[in-house]
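Overview (structure and organization)
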Amino acid sequence: MAVPTGKVSKSRRDKRRANWKLNPPALATCPHCGEYKLSHRVCKNCGYYNDRKVLNVEA
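Because the structure is a prediction, the values reported are computed rather than measured. (Residues numbered from 1 in each chain as written. Predicted model: local features only at pLDDT ≥ 70, side-chain atom pairs only at ≥ 80, totals over all residues. Heavy atoms only, no water.)

1. Here we look at the overall build of the chain
Cut-off, in case you're wondering: In this description a helix means any DSSP run of H or I spanning at least four residues, a strand means any run of E spanning at least two, and both kinds are numbered starting from the N terminus. Our radius of gyration is a C-alpha quantity, and the globule rule it is checked against amounts to 2.2 Å times the number of residues to the power 0.38. Buried means the residue's accessible area, taken with a 1.4 Å probe over protein chains only, is under 20% of the maximum for its type, while exposed means over 50%, and partly exposed covers the values in between. What makes two residues a contact is simply this: any of their non-hydrogen atoms within 4.5 Å. Calculation of accessible area relied on Shrake-Rupley with a 1.4 Å probe; when residues are assessed, cover is drawn exclusively from the protein chains displayed.
When helices and strands are tallied, the chain shows 1 helix and 4 strands. Listed N to C, the secondary structure of the chain is α-β-β-β-β in terms of helices and strands. Here the C-alpha atoms of the chain give a radius of gyration of 23 Å, more than 25% beyond the 10 Å that 2.2 N^0.38 yields for 59 residues. Across its three principal directions, the C-alpha atoms of the chain cover 65 × 25 × 20 Å. Here the chain, with 59 residues, has 8% of them falling under the buried criterion. Across the chain, every contact between residues at least 6 apart in sequence was considered, and the portion connecting residues at least 24 apart equals 0%. Carbon and sulfur atoms form 53% of the exposed surface of the chain, whose accessible area is close to 6000 Å².

Written out as structure tokens, the structure is:
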């Protein structure tokens, strides 16, 4: 079986584990109403996607 060749120090181990972070979602502004929305998705505020009305949103 495979055996590690030497002891891995705490700092080296922790450096490897330090990259488990979450990134905030990339938000874009809706060109129609100006609200923040997720990219490539219909705007929940006005119902527009790609300059076309897709959803009927009641205000």
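2. Structural notes on the pattern of salt bridges
Operational definition: What makes a salt bridge here is a side-chain nitrogen of Lys or Arg within 4 Å of a carboxyl oxygen of Asp or Glu, nothing more.
Counted by the stated rule, this structure contains 1 salt bridge. Here Asp14 and Arg13 are joined by a salt bridge, their closest N and O atoms 3.0 Å apart. On the basis of relative accessible area, Asp14 is assigned to the partly exposed category, the value being 38%.

3. A few points about the state of the cysteines
Stated formally: Only a pair of cysteine sulfur atoms within 2.5 Å counts as a disulfide in this structure description.
Throughout the structure, instances matching the rule amount to 0 disulfides. In this model Cys30 remains outside any disulfide bridge; the closest cysteine sulfur is found in Cys46, 3.7 Å from its own. The class for Cys30 is buried, based on a relative accessible area of 5%.

4. Considerations on a nonpolar patch on the surface
What counts, and what does not: Any residue with relative accessible area above 30% and no salt bridge may belong to a patch, with like charges joined within 9 Å and the nonpolar Val, Leu, Ile, Met, Phe, Trp and Tyr side chains within 5 Å.
Residues Tyr49, Val54, Leu55 and Val57 make up a contiguous nonpolar surface patch of roughly 310 Å² in combined accessible area. A relative accessible area of 49% means that Val54 is categorised as partly exposed.

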